[in-house]
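Okay, here's what each chain looks like letter by letter:
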Amino acid sequence: MGEKKEDKSKVHKLALRGSSKTVAEFFEYSINTILFQRGVYPAEDFSAVKKYGLNMLVSNDDQVKAYIKKIMSQLNRWMVNGKISKLVVVITSKDTGEHVERWQFDVEIFNKPNKSRSTKMAVDKENAAPDEGDGAAPPPPGKTENEIQEEIQAIFRQITASVTFLPVLDGDCTFNVLVYANADSDVPIEWGDSDAKEIKNGEKVQLRSFSTSNHKVDTMVSYRLAD
Amino acid sequence: MAAPSVSTPIKSHHGLFSSKTAGGRMPLTPSPRTRTVSVATNLSTNSSPFTPPRPAQSIHHREPSTQFSRSVSRSVSKFAYQHSPKSNIAKGKQSPRHLDLGISEWTLTGTGPITQTPSRERGRKESAVRSRAGKTTVRIPYNAADRFIPNRMASEGLVNVGSAKQDENSRPKTRNGEGSTVLANAASAFDIGGRGADGDLTAGLENLGLDDDNTTTSYQRPNPDSVAYESSLASACGVSMNTRILAFKPPPPESSKPIDLRSQYNRPLKPANAQSAQFRRRIQTAPERVLDAPGLVDDYYLNLLDWSSGNQVAIGLERNVYVWSAESGTVSSLLETSPETYVSSVKWSGDGAYVGVGLGSGEVQIWDVEEGTKLRSMFGHDARVGVMGWSKHTLSTGARSGLVFNHDVRVAQHKVAELVSHTSEVCGLEWRSDGAQLATGGNDNLVSIWDARSLSAPKFKKTNHRAAVKALSWCPWQLNLLSTGGGSYDKHIHFWNTTTGARVNSIDTGSQVTSLKFSNHYRELVSSSGFPDNSLSIWSYPTLVRNVEIPAHETRVLHSCLSPDGQMLATAAADESLKFWKVFERKAGTSASASREGGVGSKTSQMAKQMTIR
């Protein structure tokens, strides 16, 4: 039994790496898409790239690219270690400082390797002991790359289509990226604790989700209701 | 052709009056020199005018293998953090769970009121390091070099851990600073619990960490009164106490310009000024033909080139006027002036039968081209006549004196009007196509717009240009639109509404504007420039987008004129060449009306057929 378990965890770890990469990549395109669709940066700064069978718009601006790259490099590391439960892109009005739109991506990790209980004291050792029966949803039956891509494609179509119901953003806006990380995550100094930047009395719309062998990502947008 | 293959001798142009044609190059013969060279250069630059050079360098260029955290520690935390053992990452120890356990151990057994404020508690730790006083000897596992920097955010958890073990009743939530509100939540919850009922506490303990996956929707700093309530509420909602919300702290880059989403949603995918290739008109950037123009006087103030409605090109080269037939490619010398003067301007009459020739002496001659005979000479100007313009039987002449005369060429007393407004040489003069208005530009930087019915004073005088105004062009599709281009110190093209006198648009071209021509069938105009570009630019109107810039000549382009069918532009430059450019080419497949879509109705229907030059 114990031996079998170990084997499983090995396989699991390899798959986890690829799955994390898929999810992180999805985040990167999501951030770019949101920045484009919501007009955080001018449309001329974006160029189309073929991805997920769609024309994805990715920023050309060197500064924006570098900024996203910095976020992504850390995000990748956290993803691989399974430290992240949410990624949030918050759009904030520059004039009022009010949070006007909040895109939240919930990450669920199947067979979370460092799933723990409150009774566990040795945090550092958790990684070595994958826990079973912790109540996480069972991994879905194996999906092909194509199926995953189609699911992701559907999300991006939804994000793009959501401009039809999202209120027009007046004035200049800026954005912030939040991450809900496990408390035991390594945190570089460029990342700091924050409040959730929730939208007061916001309307929430759940978009589609996609799942890989190890992750399930839900998408939700909340926005300020028009006055 | 007069001399099909003449080798170009060494250029021996000594002065204005040196006779070039006798010994050397024949005028208006194909130029072996300029032709090969210019074609080659134009080919090589063919692709460039469309695409501006793109900066290849990224701002944050660094090798991909460079680790993010390393770069951070190198750049940001070089001074404050680098030598600290904690570096920029506080590993593990800041876990709230860690903290929870620490607190709970103490709060379960601990009693007594709060004796320490957090700041004093910190001071106490400091004192421990200094071995001054201490209730307990706590092993503090870190070098305390930077421990007391108040703004340290990433390692607040560490302080918590230490403090919780050291002082059982410390309340981390009251620490000032931006510590984790989650931690504060948790700690305060236990704090309350510790002083309250043990049952609450244990309940809280159990709730903690059971629901790892779930997160709270809002982390508010708790009001002490509601902490207990929130704690139970949080557990009821399945709030995780061991998740931190982290924000990427560096501010995002500023947007380069304000954005209106409304326009963005209705926008084509590609930006408007860089139209995609399939919609952009292709413009040939190589000359169709290059002819030699030896002895062309390099003088901005003269107007020595004109193309007739009969498809003949007249060019004044020093003392001669040559006529080059675009139909047959033959060249004939129309006239040669007396040795003491030179040709300063040529202009075809509207029907293409006569050419007016202005001379340096102030004399104006009218020649019948077919017969090759002079019809009459008109005197009156006492300075050179640098510019002329026909309106039916009226020939307007502008002279160095600043005076403009209107001559009725049919009558003996030819001078019918004297237009006084310029104080310096008149170098630009253009009749509107309907003959109702006349625009003149001069070396006094003035643009005068005249009403043909009252020539005693200009209708408008425009002083916006800061250099001589030679380039003038009336818009074919909007009669009251005039464009004017200024000289070296001005470099601007201004657009005027000649009904109201208002300036409606402006372009800064970046170089001397030597001529301007509106296209007859595209909503575009072409400008020729002198120093520094010596180029042709084609502008869309009214968007004022520069569609293409063609490096045209080696020296400044002095004159330009459009072919009667409006497709071809001839340019003469100080490099003594005459070049023909198919800048407003109409596609062969499309009918004349289709290609003029969004363009201009044809005034010259007889020229609708494809014109050829030989």
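Residues numbered from 1 in each chain as written. Chains lettered and ligands numbered in written order. Predicted model: local features only at pLDDT ≥ 70, side-chain atom pairs only at ≥ 80, totals over all residues. Heavy atoms only, no water.

### Some points on the confidence of the model for chain B
Residue and element names in this part refer to chain B.
Then comes step 1: On average, chain B scores 70 in pLDDT, and the residues at 70 or more come to 53%.
Then comes step 2: Overall, residues 1–22 carries pLDDT values under 50, and its contacts beyond four positions in sequence, including any with other chains, amount to 38 contacts.
Then comes step 3: Here the complex is predicted with pTM 0.46, and the ipTM for its interfaces comes to 0.77. (pLDDT = per-residue confidence, 0-100. Contact = heavy atoms within 4.5 Å.)

### What to know about the sheet that holds strand 9 (residues 364–368) of chain B
Residues and elements named next belong to chain B.
Then comes step 1: Taken together, the 4 strands give an open sheet; going across it, the order is 7-8-9-10, and neighbouring strands pair in antiparallel fashion. Edge positions in the sheet fall to strand 7 (343–348) and strand 10 (373–378), since each has one partner strand and no second. Taking the axes of each pair of neighbouring strands and ignoring which way they run, one obtains an average angle of 20° across the sheet.
Then comes step 2: Taken together, the 5 bridges between strand 7 and strand 8 (residues 354–359) define a ladder with antiparallel strand orientation. Note on strand 8: the bridge partner recorded for Val346 is Val357. (Pairing = 2+ DSSP bridges. Helix = DSSP H or I, 4+ residues; strand = E, 2+ residues; numbered from the N terminus. Axes fitted to C-alpha atoms, helices over the stretch in contact; angles between N-to-C directions.)

### Remarks on the UniProt feature "repeat: WD" (unreviewed entry) in chain B
Residue and element names in this part refer to chain B.
Then comes step 1: Cross-referencing UniProt, the feature "repeat: WD" (unreviewed entry) maps to residues 336–377, 419–454 and 550–583 in the present numbering.
Then comes step 2: Taken end to end, residues 419–454 is 0% helix and 53% strand, and its two terminal C-alpha atoms sit 10 Å from one another.
Then comes step 3: As a span, residues 550–583 carries 0% helix and 53% strand, and end to end its C-alpha atoms are 10 Å apart. (UniProt positions renumbered as here; feature names shortened; annotations may be inferred.)

### Things to note about the packing of aromatic side chains
Then comes step 1: Under the counting rule described, the total for this entry stands at 22 aromatic pairs over all chains.
Then comes step 2: Where Phe26(A) meets Phe27(A), the ring centres are 5.9 Å apart and the plane angle is 50°; that geometry is what we call tilted. One exposure class covers both Phe26(A) and Phe27(A), and it is buried.
Then comes step 3: Summarising the aromatic geometry, the rings of Tyr67(A) and Phe248(B) are spaced 5.1 Å apart at their centres and angled 70° between planes, so their arrangement reads as edge-to-face. One end of the pair, Tyr67(A), is in helix 2 (residues 62–80); the other, Phe248(B), is in strand 1 (residues 243–248), on a second chain.
Then comes step 4: Taking the relative accessible area as the measure of exposure, Tyr67(A) reaches 6% and is therefore buried.
Then comes step 5: Of the residues examined, Phe248(B) reaches a relative accessible area of 1% and is grouped as buried. (Phe/Tyr/Trp six-rings, centres within 6.5 Å; stacked < 30°, edge-to-face > 60°. Buried < 20%, exposed > 50% of the residue type's maximum accessible area, 1.4 Å probe, protein only.)

### Re the sheet that holds strand 15 (residues 426–431) of chain B
All names here are of chain B.
Then comes step 1: Taken together, the 4 strands give an open sheet; going across it, the order is 15-16-17-18, and neighbouring strands pair in antiparallel fashion. On the outer flanks of this sheet lie strand 15 and strand 18 (460–462), each paired with one strand and no other. Sheet twist, expressed as the average angle between the axes of neighbouring strands with direction ignored, equals 15°.

### Structural notes on helix 2 of chain A
Residue and element names in this part refer to chain A.
Then comes step 1: Spanning 19 residues, helix 2 covers 27 Å between terminal C-alpha atoms, matching the ideal 27 Å at 1.5 Å per step.
Then comes step 2: What helix 2 keeps buried is the set Val64, Ala66, Tyr67, Ile68, Ile71, Met72, Gln74, Leu75, Trp78 and Met79.
Then comes step 3: Positive backbone phi, approximately 65°, marks Gly82, located one or two places after helix 2. (Expected span 1.5 Å × (residues − 1).)

### Points about the pairing of strand 8 (residues 215–224) of chain A
Sheet faces and side chains relate simply in a regular strand, where the side chains alternate between the two faces.
Residue and element names in this part refer to chain A.
Then comes step 1: When you tally the buried positions in strand 8, you get 8 out of 10 residues, the bulk of the element.
Then comes step 2: Relative to strand 8, strand 4 (residues 99–109) runs antiparallel, the two being bridged by 9 bridges. Residue pairing for strand 8: Arg102 is matched across the bridge by Ser222.
Then comes step 3: Pairing between strand 7 (residues 202–211) and strand 8: 8 bridges, direction antiparallel. Paired with Ser211 across the bridge in strand 8 is Lys216.
Then comes step 4: Linking strand 7 to strand 8, which pair antiparallel, is a turn of 3 residues.

### What about the nonpolar core?
Then comes step 1: Core analysis: the biggest nonpolar cluster contains 56 residues, and Phe26(A), Phe27(A) and Trp103(A) have the highest contact counts within it.
Then comes step 2: Residues within four places of Phe26(A) in sequence aside, it is in contact with Tyr52(A), Phe105(A), Ile152(A), Ile155(A), Phe156(A), Phe210(A), Val217(A) and Thr219(A).
Then comes step 3: Within the second largest apolar cluster, 37 residues are counted, among which are Leu28(B), Trp307(B), Val343(B) and Trp348(B). (Core = buried A, V, L, I, M, F, W, Y, C linked by side-chain atoms within 4.5 Å.)

### A look at the environment of Asn303(B)
Residue and element names in this part refer to chain B.
Then comes step 1: By the element assignment, Asn303 lies in the loop between strand 2 (289–292) and strand 3 (305–307).
Then comes step 2: Asn303 gets classed as buried once you look at its relative accessible area, which sits at 19%.
Then comes step 3: Taking the C-alpha atoms as reference points, Asn303 and Leu429, 126 residues apart in sequence, are found 9.9 Å from one another.
Then comes step 4: Ignoring sequence-local partners within four residues, the contact set of Asn303 consists of Ser344, Ser345, Val346, Gly386, Val387, Cys427, Lys470 and His559.

### Remarks on the pairing of strand 27 (residues 557–562) of chain B
All names here are of chain B.
Then comes step 1: Burial analysis of strand 27 places 6 of its 6 residues in the buried class, which makes it a mostly covered element.
Then comes step 2: Summarising the sheet, strand 27 and strand 28 (residues 569–573) pair through 5 bridges and their orientation is antiparallel. Paired with Cys561 across the bridge in strand 28 is Ala570.

### Topic: the pattern of salt bridges
All names here are of chain A.
Then comes step 1: Counted under the stated rule, the structure contains 22 salt bridges over all chains.
Then comes step 2: Close ionic contact of Lys83 with Asp184 constitutes a salt bridge, the shortest N to O distance being 3.5 Å. With a gap of 101 residues between them, Lys83 in the loop between helix 2 and strand 3 (84–93) and Asp184 in the loop between strand 5 (173–182) and strand 6 (191–193) connect regions that are remote in the sequence.
Then comes step 3: The class of Lys83 is buried, set by a relative accessible area of 10%.
Then comes step 4: By relative accessible area, Asp184 is classed as buried at 15%. (Salt bridge = Lys/Arg side-chain N within 4 Å of Asp/Glu carboxyl O.)

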